[in-house]
Amino acid sequence: MAARPAGYPARPDRAVVRDALGVGVAVGLSGFAFGVTSAGSGLGLLQTCALSLLVFTGASQFALVGALAAGGNPFAAAAGAFFLGVRNAFYGLRLSQVLALPRALRPLAAQWVIDETTAVTLAQPDRRAARIGFTVTGLSLYLLWNLTTLLGALGAKAIGDTGAWGLDAAGPAVFLALLAPMLRTATERAVAALAVLLGLGLLPVLPAGVPVLVAALAAPAALFVKGRGRGEDGTAAQAPAPAAPEEDR
């Protein structure tokens, strides 16, 4: 991480901890929705808890159980979850530079490289604050997510058919609520809209889980169109070189 400019105040540790806990608690509570959704899709209690303990990336977990609940092929469901989780590898490349953790801690820290820890870490002004933000967010979110996953799975078994209560929609609703604030640019909104159209449009004609994979093509398609638009604008913006004055000829 770049050094703080001269005179730039260090952020108090308690302010970093407060913000990190706020994120960890707010997002960690949505593990309850995952527990309910997973149990409703037919996964057992141990399977549900193992997903949260070992996978620990909400979007991939919801995608996996959602595809399974729709009767999708397990391999297609796993592939969709995998592609959603690939983004965490790119987060890790950036965070490795920012945090500069000892080699022995990196495999453990990798488990906590997700959207929320990345956002909190990169918002900090220096390495000390970044490490505190990453640790507090990761720890609080991991503990609470797994606890609420357990409670959600137990609750789903107690109430019976989750579809009758409308709880089968809890997972997608939580995922959309987390995604919506991240769509800040026109390109991001275009990618999201195209992905929705592809996913919903192909849902009746493709096996469950496959529309999610096809919807991933929305990102390169939107970027290709944007790149072509820039190229055309750039060509049009290039004015011809002015002619030399008569006296210089």
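Use the structure listed above.
Conventions used here
Residues numbered from 1 in each chain as written. Predicted model: local features only at pLDDT ≥ 70, side-chain atom pairs only at ≥ 80, totals over all residues. Heavy atoms only, no water. Helix = DSSP H or I, 4+ residues; strand = E, 2+ residues; numbered from the N terminus. Buried < 20%, exposed > 50% of the residue type's maximum accessible area, 1.4 Å probe, protein only. Contact = heavy atoms within 4.5 Å. Core = buried A, V, L, I, M, F, W, Y, C linked by side-chain atoms within 4.5 Å. Patch = residues over 30% accessible without salt bridge, like charges linked within 9 Å, V, L, I, M, F, W, Y side chains within 5 Å. Areas by Shrake-Rupley, 256 points an atom, 1.4 Å probe, with all protein chains shown as cover. Salt bridge = Lys/Arg side-chain N within 4 Å of Asp/Glu carboxyl O. Polar contact = N/O pair within 3.5 Å; in protein donor to acceptor, adjacent residues only side chain to side chain.

With that out of the way, let us pick up the environment of S30. Looking at where S30 falls in the secondary structure, it is placed in the loop between helix 1 (13–28) and helix 2 (31–40). Sequence separation of S30 and G152 is 122 residues, and the distance between their C-alpha atoms is 9.4 Å.

Before going further, it helps to examine the side chain of T117. When you line up the elements, T117 lands in helix 8 (residues 115–122). On the accessibility criterion, T117 (0% relative accessible area) is buried. Discounting residues that sit within four places of it in the chain, T117 has contacts with W112, F134, T137 and G138.

This part is about unusual backbone geometry. At F56, a position not held by glycine, the phi torsion is positive, near 50°. Take F56: it is sitting in the loop between helix 3 (45–55) and helix 4 (58–69). One non-glycine residue, A100, lies in the positive phi region at around 50°. Relative to the assigned elements, A100 resides in the loop between helix 6 (87–99) and helix 7 (106–110).

This brings us to the nonpolar core. Membership of the largest hydrophobic core comes to 25 residues, with the highest contact counts inside it found for F34, L51, F56, L99, F134, L141 and W145. Where this core is concerned, the elements lending two or more residues are helix 2, helix 4, helix 5 (74–85), helix 6 and helix 9 (127–159). By residue number, the principal contributor to this core is helix 9, which donates five residues. The residues contacting L99, other than those within four sequence positions of it, are T121, R127, A130, R131 and F134. One finds V16, A20, A129 and I132 within the second-largest nonpolar core, a separate group that totals six residues.

This part is about a nonpolar patch on the surface. On the surface, a cluster of nonpolar side chains totalling about 280 Å² of accessible area is made up of F32, L147 and L151. Of note, F32 is situated in helix 2.

For S41, the location among the structural elements is in the loop between helix 2 and helix 3. Put simply, S41 and A67 are 26 residues apart on the chain and 8.8 Å apart in space, counted from C-alpha to C-alpha. Ignoring any residue separated from it by four or fewer positions in sequence, one finds S41 in contact with V65 and A69. Engagement of the side chain of S41 in a polar contact is seen with the backbone oxygen of S38, the distance being 2.7 Å.

What follows deals with the pattern of salt bridges. Pairs may arise between side chains of opposite charge once their charged atoms sit close together. The full count for this structure, using the stated rule, is four salt bridges. With a closest N to O distance of 3.0 Å, R87 and D115 form a salt bridge. Placement of the pair is R87 in helix 6 and D115 in helix 8, with a sequence separation of 28 residues. Residue R87 is classed as partly exposed on the basis of its relative accessible area, which comes to 23%. The class for D115 is buried, based on a relative accessible area of 19%. Beyond isolated ion pairs, a larger network of salt bridges with shared partners links R11, R18 and D19.

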